Amino acid sequence: MSNQFKHIDITTLSRTELHALIKEMSSALKQRLENGEDIDTILDEENPFFIFEPFMEPVEFPILVITMINNFQSEIIMATILDALEKGIENYK
């Protein structure tokens, strides 16, 4: 999973593109977990969340991780994540 997303510069993405990326990554992660991969192994071998971490506060980042691992589709949760990412990206620039 991480290979296809590894080199994405999320600072260039719009809110809509960030939303689509998170949903795509969540879906890919869900598929891997359904195919029997263990989340601890995935996290040990690669960090599928690494592209988001520098742009999120420590209290917000776990919300993204839990949302992606559980493939939550709540638009309220997604809006919170996107707000945090946009703020972090803006502060980065």
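Thresholds applied
Residues numbered from 1 in each chain as written. Predicted model: local features only at pLDDT ≥ 70, side-chain atom pairs only at ≥ 80, totals over all residues. Heavy atoms only, no water. Helix = DSSP H or I, 4+ residues; strand = E, 2+ residues; numbered from the N terminus. Salt bridge = Lys/Arg side-chain N within 4 Å of Asp/Glu carboxyl O. Buried < 20%, exposed > 50% of the residue type's maximum accessible area, 1.4 Å probe, protein only. Contact = heavy atoms within 4.5 Å. Expected span 1.5 Å × (residues − 1). Arc of directions from axis to C-beta. Polar contact = N/O pair within 3.5 Å; in protein donor to acceptor, adjacent residues only side chain to side chain.

Chemist: Which parts of the structure should I look at to understand unusual backbone geometry?
Modeler: Trans is the prevailing form of peptide bonds, just as negative phi is the prevailing case for residues other than glycine. Phi is positive for N71, which is not a glycine, with a value near 55 degrees. In this fold, N71 is placed in the loop between α4 (61-70) and α5 (75-92).

Chemist: In this structure, what is going on with the pattern of salt bridges? I would like to understand it.
Modeler: Side-chain pairs of opposite charge can arise whenever the charged atoms involved come near each other. Using the criterion set out here, one finds 5 salt bridges in the structure. Where R15 meets D83, a salt bridge forms, and the shortest distance between an N and an O atom there is 2.9 Å. In this pair, R15 sits in helix α2 (residues 15-34) while D83 sits in helix α5, placing the two residues 68 residues apart along the sequence. Between E34 and K30 there is a salt bridge; the shortest N-O distance is 3.7 Å.

Chemist: How should I be thinking about the side chain of H19 in this particular structure?
Modeler: Within the secondary structure, H19 is located in helix α2. H19 sits in the buried class, given a relative accessible area of 17%. Residues in contact with H19, not counting those within four places in the same chain, are E75, M78 and L82.

Chemist: What's the story with α5 in this structure? I'm lost.
Modeler: One turn of the α-helix equals 3.6 residues, which is why residues spaced by three or four share an orientation. Between its terminal C-alpha atoms α5 stretches 25 Å, which fits the 26 Å expected from 18 residues at 1.5 Å a residue. All buried positions along α5 are accounted for by M78, I81, L82, A84, L85, G88 and I89. Seen from one end, α5 has its buried residues packed into an arc of 160 degrees, which puts them on one side. Turned more than 90 degrees off the buried face of α5, the exposed positions are I76, K87, E90 and N91. On its buried face, α5 is in contact with α2 and α4. For α5, the capping residue at the N-terminal end is S74, with a side-chain oxygen 3.3 Å from the backbone nitrogen of I76.

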